[in-house]
Amino acid sequence: GSAHPSMLMNLFDSHDTARALWMLQGDTDALKMLTLMMACAPGPSMLYQGTEVGQTSSNGLTGAGRDPANREAFPWHKKDEWNTDLLEHVKGVNHLRRDLYA
């Protein structure tokens, strides 16, 4: 039979797709809404590494967002470029999911 919905992983970007913020053309408000919606859905939430700090593509928003530009490593060495507002939002959503899980 099929897997129970609570066992299915929720994701909207990965190493096999363009990055979420690239697909949303840089709209961080839309990405914030997506993270909230994902946290409210059954099953474990999954963010592709870098999504939580606003990583788009090694080509930026105007270049291609597909492979290999979507596979750029997490920007540990570029902390000054992180979108800290987005990061704090993701942390808050994760805390809500943990604390209010139904």
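See the structure shown above.
Here goes a summary of the coordinates provided.

Cut-offs and rules
All residue numbers refer to position in the chain's written sequence, counted from 1. Given that this is a predicted model, residues contribute local features only at a pLDDT of at least 70 and side-chain atom pairs are listed and counted only at 80 or more, while totals for whole chains, interfaces and linings are drawn from all residues. Excluding hydrogens and water, the side-chain values take into account all heavy atoms of the structure. Buried residues of nine kinds, namely Ala, Val, Leu, Ile, Met, Phe, Trp, Tyr and Cys, make up a nonpolar core once their side-chain atoms join them within 4.5 Å. Classification of residues uses two cut-offs on accessible area relative to the type maximum, computed with a 1.4 Å probe and protein chains only: under 20% is buried, over 50% is exposed, and between them is partly exposed. Numbering of helices and strands runs from the N terminus, with a helix taken as a DSSP run of H or I at least four residues long and a strand as a DSSP run of E at least two residues long. Between two residues, a contact is recorded if the distance between any of their heavy atoms is within 4.5 Å. Planes of paired rings set the category: under 30 degrees apart is stacked, over 60 is edge-to-face and the rest tilted, where pairs are Phe, Tyr or Trp rings (Trp by its six-membered ring) whose centres lie within 6.5 Å.

**Structural notes on the nonpolar core**
Formed by Ala20, Leu21, Leu31, Leu86 and Val90, the largest nonpolar core amounts to 5 residues. Looking at this core, the elements with two or more residues in it are α1 (20–23) and α3 (84–100).

**Some remarks on the environment of Leu31**
Of note, Leu31 is situated in helix α2 (residues 28–40). In this structure the C-alpha to C-alpha distance between Leu31 and Gly54, which are 23 residues apart in sequence, comes to 9.1 Å. In this structure, Leu31 is in contact with Phe12, Ala20, Leu21, Leu24, Thr51 and Leu86, ignoring residues within four places of it in sequence.

**Things to note about the packing of aromatic side chains**
Enumeration over the complete set of coordinates arrives at 3 aromatic pairs. Look at Phe74 and Trp76: their rings are 4.3 Å apart centre to centre, the planes differ by 45°, and that puts the pair in the tilted class. When its relative accessible area of 63% is taken as the criterion, Trp76 is described as exposed. On the basis of relative accessibility, which here comes to 11%, the residue Phe74 falls in the buried class.

All we've got here are geometric facts, nothing functional implied.
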